[in-house]
Amino acid sequence: MNDGNITESGALEALRGRLEATRGRQYWRSLESLAETAEFKEFLHREFPHNASEWLDPVGRRGFLKLMGASLALAGVSACTRQPDEEIVPYVRQPEEEVPGKPLFFATAMPMNGAGIGLLVESHEGRPTKVEGNPDHPSSRGATDLFAQASILGLYDPDRSRNITNLGDIRPFSAFATALQDPLRAQEATQGAGIRILTETVASPTLGAQMREFLMRFPQAKWVQWDSTGRHNARAGSQLAFGEYVDAQYAIDKADVILSLDADFLCTGASGVRYSRAFASRRRLEGNQAQLNRLYAVECDPTNTGSRADHRLPLKASEIEAVARAVASRVGVAGAGDAAVPQAAMRWIDPLVRDLQASRGRSLVIAGDGQPAVVHALAHAMNDALGNVGATVTYTQTAEVQPMDQRAALQTLANDMNAGTVSLLVIIGGNPAYSAPVDLKFADAMQKVALRVHVGLYEDETAALCHWHISQAHYLESWSDVRADDGTATIIQPLIAPLYGGKSAHEVMAALSGAGERPGYDLVRAYWSSPGAASGTGRVNASPPPATAATAPAAAGAAAAPAAGGARPAATAAPAAGGARPAAAAAPAAAPAAAAAPATPVSAAAAQFDRQWRQWLHDGVVPNTAFTPKTVAVRANFAAQTAPRAAVQGLEVVFRPDPTVHDGRFTNNAWLQELPKSLTKLTWDNAALISPGTADRLRLISGDVVELKQGGRTLRIAVWLAPGQAPDTLTLHLGYGRTRAGRAGNNTGFNVNALRAFEAQDILQGVELTKTGESYELACTQDHWSLEGRNLVRVATKTQYDADPAFAQKLEEGEGKPLSMYWQPYKYDGYAWGMTIDQNVCTGCNSCVVACVAENNVPVVGKPQVMNGREMHWLRVDRYYTGDIENPDTYHQPMPCQQCENASCEVVCPVAATSHSDEGLNDMVYNRCVGTRYCSNNCPYKVRRFNFLLYQDWDTQSLWPLRNPDVTVRSRGVMEKCTYCVQRISQARIAAKLDDRQIRDGEILTACQAACPTDAIVFGNINDPGSQVAKLKASPRNYTLLNELNNRPRTSYLALVRNPNTALEPAQPATDGEAR
Amino acid sequence: MPQIFRRSANTLSKVSIFGLLSLVGGLILLAIVLSRSSYVTRQQIFVEQPLQFSHMHHVTDDGIDCRYCHTSVETSSFAGIPPTKTCMNCHSVLFANAAFLEPVRASFRDNRPLHWVRVHDLPDFVYFNHSIHIKKGVGCETCHGRIDQMPLTYQQNSLLMEWCIDCHKNPAPNLRPRDQVTTMGYRPAKDQAELGPELVKAYNVNPPISCSTCHR
């Protein structure tokens, strides 16, 4: 949105002046709103941006009357349409456990970046529709991140590769398997010296075993793993500190003081969900909360973790090492040296060190993946020196099967290809032609390989350069396995047969090994039935399991073979009633085991394994596979041996995975593209984030296109002013500017890989910036749906809270007591649904928004429509700033429909399309709605969304099975909004009535609540005093938004309580919370 | 000065004014009548099926209970259309060679499902749940009519919203004991005016009539 940019340079001074002039705290959403520019005011006072809601066609009164007359005359006719005939197509043989109309849940896991997250996937008559977390899985505990939520759209993506092709011709898989036998045989003479297999980071034990087996046949072949956003620095740091590869496992719930060195540990990486939950457990104030934790964050760009920090220090990424060294030497790490600490950090160091030392054994230092190895090693050494090892941090072997120096491996591969020593390159997953460091010229080097094979979900940039392209099976279509970050293994079971006949990595590797077309099921099962696979925690290094030797019981294989209507995995989780988090352990499907038992006698061991296997599939975890901590010693003096990074003047660029499309693997995922990034609120694009101060100095405003130049490489990119960005630092997000992503992802954003060199994959120094004078329109939602000031966010420090726990309620602007024009207000006798949102634990991770989109069939509108303010998300996360523009405190406020008891929307609807239910919901009846939009106009919370156009894609067939059959698919001209997931309420109500009981507390989880890693969202019956939501509503922190309007919303918020260090932030009087 | 309008213009104007009004009124009436007509609601309209399946034969002649085929009616929103396997349970033996059953055998043989035409077709924005109605003592017959007398199945009732709401507001006349739910031609043991309220109490029948009960 460019409607409200600060249009004059130098306006920053005025902003600062305005901030200083305000009494108390002011909360703002964007620099434009803070500046109160004329454009912003106009934007605010219009419901929709200029020209978005006007009749602009040159049609006069006559034309209007003609149209209106025709519409009126035909209005009645539209109701007379006869429904088209519909068919019912029953099964021929109905699968066991299948009850038409009732979903089943299957446990599986999503692999990404070398670890997996455990999931339960909802399946309606064989088609997966929604991803939930697996409560039994340690990295999920029932919640998910946004990528897992969005992955279901990836399965049905119409742009997925549909064929196996050789030079563009469609071929069967058997042709591929045959075609590769000759080149492979030719390689046998040289022991495979010309073979290279390039994969992403592999955390699948089966694939690891297959790789080792392949390498036994071809000892000179090389297996290269590479992820453009992999944890390379963490691996190198572990080598530096310990001399071996280990994973650090943080017990964040046990830490009182946490120092994050550029680490977004809450929302990035495979452990994000687990760590968020642990972090939140120390941020709750209800119940027996012993002590709030305190988080210090030193970081170069605004992150979700930084937004939850009690003290946040924006520093150039290259300066963070100096801070790490300074803190390390003060807590007693030998040889850390004392580099010149940046001015801004001076006053920080001593209070921080005192705080860390006061919490010995209860503190934690975490280094971010974007920081160099030495910072990681220093963090390990600091944890060691602070006595945290064994208490808040333990070390285990890595979840990835074969840790390696991935960067060096990729470079060697590129060199080998250039030297002509590679004759067969097999790329399984990943897109190196797009994402490899630009100076490796990977795409050019690839062309020197005689035979190139690409296995991937899309015919992407890499596939275009390969002779063979094998369409890969999505993780929801294939058998596989994966380890979670803590080592727990999960068997990945398919929810549906491959839509386009895709092949899994296992099947491709089996074909390369000469095993032909072995189904993935056999391969995975054979691995796990091999001795030692499931016992203990050891990596199967020594004895490669007989992946091809063992034969799986044929009958079991047949039972698991996908049927035409959809795969029927062997075990099912208990079908859940309503929206309740499915209890996976409730009904082990033992019955199919008997059905699958082969006629020939099987050994007791095989039967035993079969039972075990079914249990693993059912539970979604293989028990006792979590790693046991291992003892590692920090090498002495490593820090002294590494020279401190020299300071380089000038601008600095950091490369980060994008918060929504990650490294580019989700670029064609329209849900993620349209998801406003949690801190910038940008959609459909990336931009160079720049601090307002630096932008002011360089005379830049948001949307200006600049040219970045370094080492002969250039990049043109739009800038975006990001409060909280470190000065002289530009953050560039990866994953955009792709050319062969698909219809949603092509030509969105800027390809920052153009600037990402091998030596500077995280931090690039000495960058020249020139203003081009052009500008670029970015679709940003930060000023959409503004609630215009008022006390929306309420914050106190711990001291203030202790003095006055009900501080938030004292900030009400209204009368304080509910008004009613009736002498007796309506009484809700039965259930009364309500929700609380604890802002103190919300990290703004956006999982809830994607979960809502997936559950409620929310359409995607595209960038031009987002710029018109027409995005359809039922749930948005408002982000508020307060304080210094260069380093503001940042707060997240999820905003679903508030379900007001005195709802402003209901009274203005001329056709009663929105009305009140006896359980207190604002019902929205799409088939009644005539689209006057009065309700949206009158809604003070701005949570209603109107289908200006036919946003639902009704024509693309591959998207049909994606839709939730329990929610109406809306058409054009209809208003819609959050319903508190009324379909889940209905299901639970009916389930309870069938059992002659009341709905239990916690039985209904709204989609947002189920996805939330921190349990910030709690839903339930507020008439039940024992319910969790009623208890939270009784908390002194509980308040409702815009209470003075007397809308009596059912959604309420729990106020924020910060826990600052008084040495850094002197205690302020309690009145400080008062705004304006 | 001559008259501009002749005398007949009076009549003409009256006719055209009232004619126009009645035309508009008639159109509106037509729309109302049409939207409630069986052309739109499909009430009482026979639907041609791919197979001459007779409920009358299976229920009246054979005495098969509804739930033998509609297995999920007590547990799910959808009553369930039997898989071909269910047909073959009997028809692998009975009428095993009958020509008109060839589509069933072909379906079973080739693993290709039968395509039935839906008779009771609610709009896609309406969510109906069978299980709860069975639980509360609404008989199959109450909505679907005398299935046991239908050689070819048709829709007995209009399925208009007012028809649903009528019962949700006053369920007592339509309730029967749970053990009689699948009975066809059910006669209440005592006066329904007495039995109905008793069942309302016994089964705790309190049907919600909020919009979101059915629309979501």
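These figures come from a predicted structure and were not determined experimentally.

**Q** Which parts of the structure should I look at to understand the overall build of chain A?
**A** The helix and strand tally for chain A stands at 33 helices and 40 strands. By residue count, 58% of the 1076 residues in chain A fall in the buried class. Considering only intrachain contacts with a sequence separation of at least 6, the fraction spanning at least 24 residues in chain A is 76%.

**Q** Whenever I open this one, the overall build of chain B confuses me. Can you help?
**A** Counting secondary structure elements, chain B contains 11 helices and one strand. Along its sequence from the N terminus, chain B presents helices and strands in the succession α-α-α-α-α-α-β-α-α-α-α-α. What you see for chain B is a C-alpha radius of gyration of 25 Å, clearly larger than the 17 Å of a compact globule of 216 residues, by over 25%. Considered along the principal axes of its C-alpha atoms, chain B spans approximately 100 × 50 × 35 Å. Put simply, chain B has 216 residues, and 21% of those count as buried. Considering only contacts within chain B whose residues lie at least 6 apart along the sequence, 72% involve residues at least 24 apart.

**Q** What is the right way to look at the interface of chain B and chain A in this model?
**A** Buried accessible area, meaning the area lost when the parts come together, often serves as the stated size of an interface. Residue-level contacts link 42 residues of chain B with 37 residues of chain A. Elements that contribute at least two residues to the side of chain B that touches chain A include exactly α1 (8-36), α2 (38-41), α5 (84-91), α6 (102-110), β1 (116-117), α7 (130-135) and α11 (211-214) of chain B. For the side of chain B that touches chain A, the element with the most residues is α1(B), which contributes four residues. Taken together, the residues of the side of chain B that touches chain A sort by class into 20 nonpolar, 15 polar and seven charged. For strand β2 (residues 87-88) of chain A and β1(B), the ladder comprises two bridges, and the chain directions are antiparallel. The residue bridging Glu87(A) from the neighbouring strand is Val117(B), located in β1(B).

**Q** Could you clarify how one ought to interpret unusual backbone geometry in this entry?
**A** Negative phi is the rule for most residues except glycine; trans is the rule for most peptide bonds. All names here are of chain A. A positive phi angle is found at Asn 113, which is not glycine, with a value near 50°. With respect to the helices, strands and loops of the structure, Asn 113 is situated in the loop between β3 (104-112) and β4 (115-124). Looking at Asn 113, the number of C-beta atoms within 10 Å reads 24, which means it is buried. The phi angle at Lys 942 is positive, at roughly 55°, despite the residue not being glycine.

**Q** When you look at the nonpolar core in this model, what are you seeing that I'm missing?
**A** Side chains that are nonpolar tend, in soluble globular proteins, to be buried together. Residue and element names in this part refer to chain A. Judged by nonpolar contacts, the single largest core of 291 residues is most densely connected at Leu 261, Leu 378, Met 382 and Ala 688. It is helix α14 (residues 373-385) that provides the largest number of residues to this core, a total of nine residues. Non-local contacts of Met 382, meaning those with residues more than four positions away in its chain, are made with Val 327, Ala 328, Val 331, Val 333 and Val 365.

**Q** Quick question: what am I supposed to make of the sheet that holds strand β5 (residues 127-133) of chain A here?
**A** Backbone-to-backbone hydrogen bonds pair the strands of a sheet. The strands run either parallel or antiparallel. Residues and elements named next belong to chain A. The antiparallel open sheet is built from three strands, whose spatial order is β3-β4-β5. Bordering the open sheet on either side are β3 and β5, each of which pairs with just one other strand. Each adjacent strand pair in this sheet contributes to an overall mean axis angle of 40°, direction not counted. Examined bridge by bridge, β3 and β4 share nine bridges and lie antiparallel to one another. Across the sheet, residue Pro 111 finds its bridge partner in β4, namely Gly 116.

**Q** Please clarify how helix α10 (residues 272-280) of chain A should be interpreted in this entry.
**A** Residues separated by three or four positions in an α-helix point in the same direction, a consequence of the helix having 3.6 residues per turn. All names here are of chain A. Along α10, nine of the nine residues are buried, which leaves the element largely enclosed by surrounding structure. Inspection of α10 places Gly 272, Val 273, Arg 274, Tyr 275, Ser 276, Arg 277, Ala 278, Phe 279 and Ala 280 among the buried residues, and these make up the whole buried set. The inward-facing, buried residues of α10 abut β4 and β10 (247-250).

**Q** Any chance you could explain the domain arrangement of chain B here in plain terms?
**A** Taken domain by domain, chain B comprises domain 1 (10-37), domain 2 (55-81 + 116-214) and domain 3 (84-115). One C-alpha centre belongs to domain 2 of chain B, the other to domain 3 of chain B, and the line joining them spans 29 Å.

**Q** Help me understand the pairing of strand β27 (residues 763-775) of chain A in this model?
**A** Residues in a regular strand project their side chains so that they alternate between the two faces of the sheet. All names here are of chain A. Relative to β27, strand β21 (residues 651-656) runs antiparallel, the two being bridged by four bridges. Considered in β27, the bridge of Glu 652 is made with Gln 765. Where strand β24 (residues 704-710) meets β27, five bridges bridge the pair, whose relative direction is antiparallel. Bridging from a neighbouring strand, Glu 707 pairs with Thr 770 of β27.

**Q** I'm lost on the confidence of the model for chain B in this one. Help?
**A** Note that predicted coordinates carrying low pLDDT should not be read in detail. Residues and elements named next belong to chain B. Mean pLDDT over chain B works out to 91, with 100% of the residues at or above the 70 mark. The spread of mean pLDDT over the elements of chain B runs between α2, the lowest at 84, and α7, the highest at 94. Scored as a complex, the prediction yields pTM 0.88 and ipTM 0.90.

**Q** Which parts of the structure should I look at to understand the domain arrangement of chain A?
**A** Residue and element names in this part refer to chain A. By domain assignment, chain A separates into domain 1 (11-47 + 783-1073), domain 2 (107-229 + 403-581 + 585-619), domain 3 (247-396) and domain 4 (648-780). Broken down by secondary-structure element, the contributors of at least two residues to the side of domain 1 that touches domain 2 are α27 (847-855), α31 (982-994) and α32 (1007-1011). Looking at the side of domain 1 that touches domain 2 residue by residue, the class counts come to 17 nonpolar, seven polar and three charged.

**Q** I keep staring at the packing of helix α5 (residues 146-156) of chain A against α27(A) and nothing clicks. Help me out?
**A** Any two packed helices are characterised by the angle at which their axes cross and by the distance between the axes. All names here are of chain A. Between α5 and α27, the least distance of the axes is 8 Å, while the angle of their chain directions is 25°. By the angle between their directions, the pair α5 and α27 is classed as roughly parallel. Along this stretch, α5 crosses α27, giving a crossing that reads as left-handed. For the pair α5 and α27, contact is made by Leu 146, Gln 149, Ala 150 and Ile 152 and by Ser 847, Val 850, Ala 851 and Ala 854, respectively. A breakdown of the residues in the contact of α5 with α27 according to their chemical character gives six nonpolar, two polar and no charged.

**Q** I keep staring at the environment of Val93(B) and nothing clicks. Help me out?
**A** Within the fold, Val93(B) resides in the loop between α5 and α6. Spatially, the C-alpha atoms of Val93(B) and Leu195(B) are 44 Å apart, while their sequence positions differ by 102 residues.

**Q** How should the packing of helix α8 (residues 205-217) of chain A against helix α19 (residues 520-529) of chain A be read in this particular structure?
**A** Residues and elements named next belong to chain A. Axis separation between α8 and α19 bottoms out at 9 Å; the angle between their running directions is 90°. With respect to their mutual orientation, α8 and α19 come out roughly perpendicular. Between α8, through Pro 205, Thr 206 and Ala 209, and α19, the contact on the second element is made entirely by Leu 523, Val 524 and Tyr 527. Among the residues forming the contact of α8 with α19, the class breakdown is five nonpolar, one polar and no charged.

**Q** Hey, could you run me through the sheet that holds strand β32 (residues 889-895) of chain A in this one?
**A** Residue and element names in this part refer to chain A. Spatially, β1-β31-β32 is the arrangement adopted by the three strands of the open sheet, whose pairing is antiparallel. Among the strands making up the open sheet, the edge pair consists of β1 (27-28) and β32. Strand direction decides the pairing type here: strand β31 (residues 876-882) and β32, joined by seven bridges, are antiparallel. Residue pairing for β32: Arg 879 is matched across the bridge by His 892.

**Q** Would you mind showing me how to read the pairing of strand β18 (residues 468-471) of chain A here?
**A** All names here are of chain A. Both faces of β18 are covered, namely the face carrying Trp 468 and Ile 470 and the face carrying His 469 and Ser 471. Taken together, the two bridges between strand β6 (residues 165-166) and β18 define a ladder with antiparallel strand orientation. Residue pairing for β18: Thr 165 is matched across the bridge by His 469. Relative to β18, strand β17 (residues 451-456) is paired through four bridges, and the arrangement is parallel. In the sheet register, Val 453 faces β18, and the bridge partner there is Trp 468.

**Q** What's the story with the environment of Gly703(A) in this structure? I'm lost.
**A** Residue and element names in this part refer to chain A. Inspection of the secondary structure assignment puts Gly 703 in the loop between α25 (692-697) and β24. Judged by the 19 C-beta atoms lying within 10 Å of it, Gly 703 is partly exposed. Distance in space between the C-alpha atoms of Gly 703 and Glu 777 is 6.0 Å, their sequence separation being 74 residues.

**Q** When you look at the environment of Ala718(A) in this model, what are you seeing that I'm missing?
**A** All names here are of chain A. Structurally, Ala 718 is set in strand β25 (residues 713-721). A count of 23 C-beta atoms within 10 Å places Ala 718 in the buried class. When near neighbours in sequence (up to four residues on either side) are disregarded, Ala 718 contacts Ala 687, Ala 688, Gly 703, Asp 704, Val 705, Tyr 776 and Leu 778.

**Q** What am I meant to see in the confidence of the model for chain A here?
**A** All names here are of chain A. Chain-level pLDDT for chain A is 85 on average; 87% of the residues reach the 70-or-more range. Below pLDDT 50 for its whole length, residues 1-9 participates in 32 contacts with residues either more than four positions away or in separate chains. Note that residues 536-599 has pLDDT below 50 and, in this model, 152 contacts with residues that lie over four places away or in other chains.

Reading guide: rules and limits
Residues numbered from 1 in each chain as written. Chains lettered and ligands numbered in written order. Predicted model: local features only at pLDDT ≥ 70, side-chain atom pairs only at ≥ 80, totals over all residues. Helix = DSSP H or I, 4+ residues; strand = E, 2+ residues; numbered from the N terminus. Buried ≥ 20, exposed ≤ 12 C-beta atoms within 10 Å, placed from the backbone. Contact = placed C-beta atoms within 7 Å. Rg over C-alpha atoms; globule rule 2.2 N^0.38 Å. Nonpolar A, V, L, I, M, F, W, Y, C, P; charged D, E, K, R; others polar. Pairing = 2+ DSSP bridges. Core = buried A, V, L, I, M, F, W, Y, C linked by C-beta atoms within 7 Å. Axes fitted to C-alpha atoms, helices over the stretch in contact; angles between N-to-C directions. Domains from an automatic or database assignment. pLDDT = per-residue confidence, 0-100. Parallel < 35°, antiparallel > 145°, perpendicular 65-115°, else oblique. Left-handed = near helix turned anticlockwise from the far one by under 90°.

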